[in-house]
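The primary structure of each chain is shown beneath.
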Amino acid sequence: VDVRDGQPTVTSRSMRLSRRSFLLGACAVSGASLGGPLLAACSTTSDSASAASLAAMRGGTLRLGRNLQPHDLNPLGQGDNGSIFARLQIYDQLVEIAPGTSTPVPGLAESWTISPDGLTYTFKLRSARFSDGSPVTAEDVKFSLDRFANQQLNTNYGFLSTAMKQTTILDPRTVQVTLKTVDASFLNNLGVFVASIVPQKTVEAESFNAFSQNPIGSGPFMLKKWINGQVVELVKNPYYWNSKQPYLDGANLLYVPDDDTRILEIESNGLDVAESIPFAQIQQVRGMSGIQVLIEPLAAIYSVWLNNAIKPLNEQAVRQALNYATPSSAIVRTVFFGHAQVANSILPVTQYWDPAIPPYPYDLSRAEAALAESSTPKGFAMTLVLGGGDTVQTQTAEILKNTWGQIGVRVTLQQVDPSEQNSTLTSENYEAILLPANSVTSDVPVPDEMASIELDDKAGFSCFFTNFKSTQTSDLVEQASGTLNPTTRQELFSQLQKVAMQQAPTVPIAFVPNVLAVRTDVHGFATTVAGNWPLKNVWLG
Amino acid sequence: VAYYLLRRVGQAIPILIGLTVCSFLLIHLAPGDPARIILGLRATPSAIAAVRAQLHLNESLPAQYGGFLLGALHFNFGTSFQYHQSVGSLIAPRILPSILLVLYALVIGVVLALPLAVWSAMKAQRLPDHLIRVLTMVTFAMPAFWLGVLLILIFSVRLHLFPAGGYGLTFGSHLQSLVLPGIVLGLYLCPMLLRTLRSSLIESLRSEYVEAARARGYSEARIVWRHALRNSLISGLTVMGANIAFLLSGTVIVESVFSIPGLGSLLVSSVSDRDFPVVTALTLLFGVFVLIVNIITDVSYAFADPRVRLWRS
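All values derive from a computational prediction rather than experimental measurement. (Residues numbered from 1 in each chain as written. Chains lettered and ligands numbered in written order. Predicted model: local features only at pLDDT ≥ 70, side-chain atom pairs only at ≥ 80, totals over all residues. Heavy atoms only, no water.)

Student: What exactly am I supposed to notice about the overall build of chain A here?
Tutor: Within chain A, the secondary structure is distributed over 18 helices and 21 strands. For 541 residues, the compact-globule formula gives about 24 Å, and the C-alpha radius of gyration of chain A, at 23 Å, lands near that figure. Projected onto its principal axes, the C-alpha positions of chain A cover 70 × 55 × 45 Å. Taking all 541 residues of chain A together, 61% fall into the buried category. Per element, the accessible surface of chain A, about 19,000 Å² overall, is 52% carbon and sulfur. (Helix = DSSP H or I, 4+ residues; strand = E, 2+ residues; numbered from the N terminus. Rg over C-alpha atoms; globule rule 2.2 N^0.38 Å. Buried < 20%, exposed > 50% of the residue type's maximum accessible area, 1.4 Å probe, protein only. Areas by Shrake-Rupley, 256 points an atom, 1.4 Å probe, with all protein chains shown as cover.)

Student: What is the right way to look at the interface of chain B and chain A in this model?
Tutor: One frequently used descriptor of interface size is the decrease in accessible area upon assembly of the parts. Tallying the contact residues gives 39 residues for chain B and 45 residues for chain A. For the pair chain B and chain A, the summed buried surface comes to about 3,300 Å²; carbon and sulfur atoms form 55% of the total. Counting the surface chain B buries against chain A, the share from its top three residues, B:Leu41, B:Arg42 and B:Tyr83, is 26%. A salt bridge links A:Asp417 to B:Arg274; the shortest N-O distance between them is 3.6 Å. Where chain B meets chain A, there are 13 residue pairs in polar contact (both at pLDDT 80 or more). Of all the secondary-structure elements, those providing two or more residues to the side of chain B that touches chain A are helix H2 (34–39), helix H5 (87–122), helix H7 (144–158), helix H11 (220–257) and helix H12 (263–273) of chain B. (Contact = heavy atoms within 4.5 Å. Buried area = accessible area lost by both parts, 1.4 Å probe. Salt bridge = Lys/Arg side-chain N within 4 Å of Asp/Glu carboxyl O. Polar contact = N/O pair within 3.5 Å; in protein donor to acceptor, adjacent residues only side chain to side chain.)

Student: For this particular structure, what's the right way to read helix H8 (residues 259–267) of chain A?
Tutor: When H8(A) is considered as a whole, its buried residues turn out to be A:Thr261, A:Arg262, A:Ile263, A:Leu264, A:Glu265 and A:Ile266. Where H8(A) begins, the side chain of A:Asp258 points an oxygen toward the backbone nitrogen of A:Asp260, at a separation of 3.1 Å.

Student: Where do I start with empty space enclosed by the protein in this structure?
Tutor: Think of a ball as big as a water molecule: rolled over the atoms, this probe shows where empty space is left. All names here are of chain A. Applying the stated criterion across every chain, the model contains nine cavities of 30 Å³ or more. Looking at the second largest cavity, its volume works out to about 90 Å³. Taken together, Ser-345, Leu-347, Pro-348, Thr-350, Gln-351, Tyr-352, Trp-353, Pro-447, Phe-493, Leu-496 and Gln-497 make up the full set of residues lining the second largest cavity. Residue composition of the lining of the second largest cavity, by class: seven nonpolar, four polar and no charged. (1 Å grid on protein atoms, 1.4 Å probe; cavity = no way out; pocket = protein on both sides within 12 Å on 5 of 7 lines; lining within 4 Å. Points joined across faces, edges and corners; volume = space filled by probe spheres on them. Nonpolar A, V, L, I, M, F, W, Y, C, P; charged D, E, K, R; others polar.)

Student: Can you help me understand the pairing of strand E19 (residues 514–519) of chain A in this one?
Tutor: Note on strand geometry: in a regular strand, side chains alternate between the two faces of the sheet. Residue and element names in this part refer to chain A. Buried residues dominate E19, accounting for six of its six residues. Because side chains alternate across E19, one face comprises the buried residues Asn-514, Leu-516 and Val-518, and the other comprises Val-515, Ala-517 and Arg-519, equally buried. Summarising the sheet, strand E11 (residues 273–274) and E19 pair through two bridges and their orientation is antiparallel. If you follow Ala-274 over to E19, its bridge partner there is Ala-517. (Pairing = 2+ DSSP bridges.)

Student: Quick question: what am I supposed to make of the layout of surface pockets here?
Tutor: Residue and element names in this part refer to chain B. Quantified by volume, the second largest pocket comes out at close to 1,000 Å³. Broken down by element, the residue count for the lining of the second largest pocket peaks at five residues, all from helix H4 (residues 61–73). A class-by-class count of the residues in the lining of the second largest pocket yields 18 nonpolar, 19 polar and four charged.

Student: Would you take a moment to explain the nonpolar core for this structure?
Tutor: Note on soluble globular proteins: their nonpolar side chains tend to be buried together. Ranked by internal contacts, the top residues of the largest apolar core, which has 154 residues, are A:Leu94, A:Phe336 and A:Phe525. Among the elements that take part in this core, helix H18 (residues 486–503) of chain A stands out by supplying six residues, more than any other. With sequence-adjacent residues up to four places away left out, A:Leu94 is seen in contact with A:Pro106, A:Gly107, A:Leu108, A:Ala109, A:Phe123, A:Leu125, A:Val141, A:Leu145, A:Leu190 and A:Ile197. Of all hydrophobic cores here, the second largest spans 52 residues; its members include B:Ile38, B:Leu55, B:Val184 and B:Val257. (Core = buried A, V, L, I, M, F, W, Y, C linked by side-chain atoms within 4.5 Å.)

Student: Honestly, a nonpolar patch on the surface in this entry has me stumped. Any pointers?
Tutor: Residues and elements named next belong to chain B. A contiguous nonpolar patch, built from Phe-145, Trp-146, Leu-150, Ile-154, Leu-159, Leu-161 and Ile-253 and spanning about 650 Å² of accessible area, is present on the exposed surface. In this structure, Trp-146 sits in helix H7. Taking the relative accessible area as the measure of exposure, Trp-146 reaches 45% and is therefore partly exposed. (Patch = residues over 30% accessible without salt bridge, like charges linked within 9 Å, V, L, I, M, F, W, Y side chains within 5 Å.)

Student: Looking at this structure, I do not really get the sheet that holds strand E6 (residues 164–171) of chain A. What am I missing?
Tutor: What holds strands together in a sheet is hydrogen bonding between their backbones, with the strands either parallel or antiparallel. Residues and elements named next belong to chain A. The sheet built from four strands is open, its strands ordered E4-E5-E7-E6 with antiparallel pairing. Lying at the two open borders of the sheet, with one neighbouring strand each, are strand E4 (109–114) and E6. With direction set aside, neighbouring strand axes in the sheet form an average angle of 20°. The pairing of E4 with strand E5 (residues 120–125) spans five bridges and is antiparallel. The residue of E5 that forms the bridge with Trp-112 is Phe-123. With respect to the sheet, helix H4 (residues 138–149) is in contact with E5, E6 and strand E7 (174–179), its orientation differing from that of E6 by roughly 180°. (Axes fitted to C-alpha atoms, helices over the stretch in contact; angles between N-to-C directions.)

Student: Could you clarify how one ought to interpret the packing of helix H15 (residues 448–455) of chain A against helix H17 (residues 471–481) of chain A in this entry?
Tutor: To characterise two packed helices, one gives the angle between the axes of the helices and the distance between these axes. Residues and elements named next belong to chain A. Contact geometry of H15 with H17 gives a least axis separation of 9 Å together with a crossing angle of 160°. In terms of their interaxial angle, H15 and H17 are classed as roughly antiparallel. Between H15 and H17 the crossing geometry is left-handed. Together, Asp-448, Ala-451, Ser-452 and Leu-455 of H15 and Thr-473, Ser-474, Val-477, Ala-480 and Ser-481 of H17 make up the contact between the two elements. (Parallel < 35°, antiparallel > 145°, perpendicular 65-115°, else oblique. Left-handed = near helix turned anticlockwise from the far one by under 90°.)

Student: Before we go on, may I ask you to explain the pattern of salt bridges in this structure?
Tutor: When charged atoms on two side chains of opposite charge get close, those side chains can pair. Under the defined criterion, the tally for this structure stands at 16 salt bridges over all chains. A salt bridge links A:Asp146 to A:Lys142; the nearest nitrogen and oxygen atoms lie 2.9 Å apart. A residue pair is termed a helical-turn pair when its members lie 3 or 4 positions apart in one helix, as A:Asp146 and A:Lys142 do in helix H4 at four residues. Among the residues examined, A:Lys142 registers a relative accessible area of 27% and is labelled partly exposed. Note that A:Lys224 is salt-bridged to A:Glu233, the shortest N-O span being 3.5 Å. For A:Lys224, a relative accessible area of 56% puts it in the exposed group. Taking the relative accessible area as the measure of exposure, A:Glu233 reaches 9% and is therefore buried. If you follow the salt bridges from partner to partner, you end up with B:Asp129, B:Arg133 and B:Arg198 in one network.

Printed below as a string of structure tokens:
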């Protein structure tokens, strides 16, 4: 297995897990000092992705089964993955984040320069057209970036553009963005769907819903038909700037909400790709002929979220005790069937993740010792909220109830409707809460977004609604995001990871991968660490 | 006839209002903030507040309900919270798949139940009757989501006869996609229909006019199919009418299992999205549908049995 180019050439289905473990192991040895290439080295792509460079075949329509569907196709619309992943096929951004990398590559901008003080970004635009044939102009780019920067319009992802000061058109091919403060992740933020480039005239002329039903972008695909509850039919954008891509004539994003049906549909050749394969069914799908299971790295963190404002969870010793009493490796083994990684960080794995920092060991005597230092040495009672009907959360909660009980923490489990979980978390009306395994995911392959959301109480999310407050972590987050030097960033993020683990605002359990089933005649299919799949690289044959 | 229908529709109005009040209260009182569901975990409190105001969620419940009722009188059910399009345009394309599915289930249920009921009644308390009883008990007890997956395994994965799910893009493929979900729902309807028909057939077969027909030397087949069955149909129709409501609730599960873009799957996703306008409008639509079916059932008695008079001539 060649890990250097990030695209393994030798694989077998049965080896997939062990290879992933091996890759992570290899990263553990070499990752910390390299920083940048970490993600590249850790990525696994579709077995046949490496063959894409040989001879991609053209034509065909990909049938992709999802358990999500879009709510709207407007770049400034809802922030759910059902909508986001579909939008990313239709719209271009100035930069792109390719699967397996954390370094932005040219998108609508063919090149750019960053001023030495890190405050001025100058983008050279490529000559491109929207799917209606009209050219992508510097005015369109400015219009779109102004919307991205407008906190009134960009309500869901405004934190990605807070550093932006102004966008100016230097000439018809050049656009300059100035920042108020240095934001090391700014280029990555420009690759997120909210920074999509849209045609100014059409957007201004149409209502939000009209544009959402009939979106115009310059991306590899365009919308042919969207039947709510059934399918998003995409066809090749004939004006796409890269005349070689996409290879497919079209792609149907089919809404198949039932897990069993999705698996049976790909087995009976009704689908080419099935998203969200439950961990418990990986083994079964692997046994099906003509189908392989992709276990892709995802920047997702599965944790128990603790309300740090409530006694005795406001005490660091108590939170550490809960961490020591959490058998993460047993949970990874039984709940995730070994297909996840024990978490050694409060944040998901992105660039600058430090594999050298140890996770909390499962050690009940250390847990008791930590609890003994607190104001409740004999333990206490608390309620753990979890979503009903999800075996991952139910099994985790049962295990925690047992092991935490052994140090005197009496846990009451409270199952709620999944649609209630987010409001329970954000209303901060909970003591401890579990969320679905892949629901807390970074949108960018760098740690800045999640670090500010989870560990900087000044970012406006009360540290992901945990009420955690630490000047040490928020200073580290701001310093790390405020410098462009990769070496300094690596040092600061390593230190942040260490300090955050020690202060333990949450109980991190596992880094959860993205699991998909793909038919073997699908080539070039791979996902980014944000979980999406650029379909322009995919071909059938 | 017109007067009768008018009276029935008049009776239906308070029922429908009660129904919308109940569903409106239930979905509004359920925990879970639609604004938070729309904006996600990364939105700021001020953005949440703005969306709540935009959706009129800060108004009192009676004011919100009044707004809904006023709109409903003009056939305007508002705008979906989640999909930003009008509720009417969201629901309209979902009606046909559900109606086709219910029709499929009815046809399959009736086609299976009728001959089996006749056979059962003629061989009452003998082996075929017992066998049919056990068999229908088994199909009745099977949960729809389990039976659905089983049928997909056999007919789609092994035999490749029908698609495993979805609805297809042409009318022909719609019909093909609905076969398996239709069977699941039909098998659910069949036992109820069969048991009712069987017992009323047995009763008819013991009656005096059947004795008289037998005495005249009519064949047993003619007696059953032409005389006894017609008399037993009323109870069958009642059961069928009452069970249309059950079939509709069955579509909720079956449509989700088979990924059919019908009203049932829309209801499921709207409830979990806390999409209040869609949920209330769908409940109203289901209510109207059940009431219409009930009226049709009552009217059809008159055709099945000339002795039934719904109105004074």
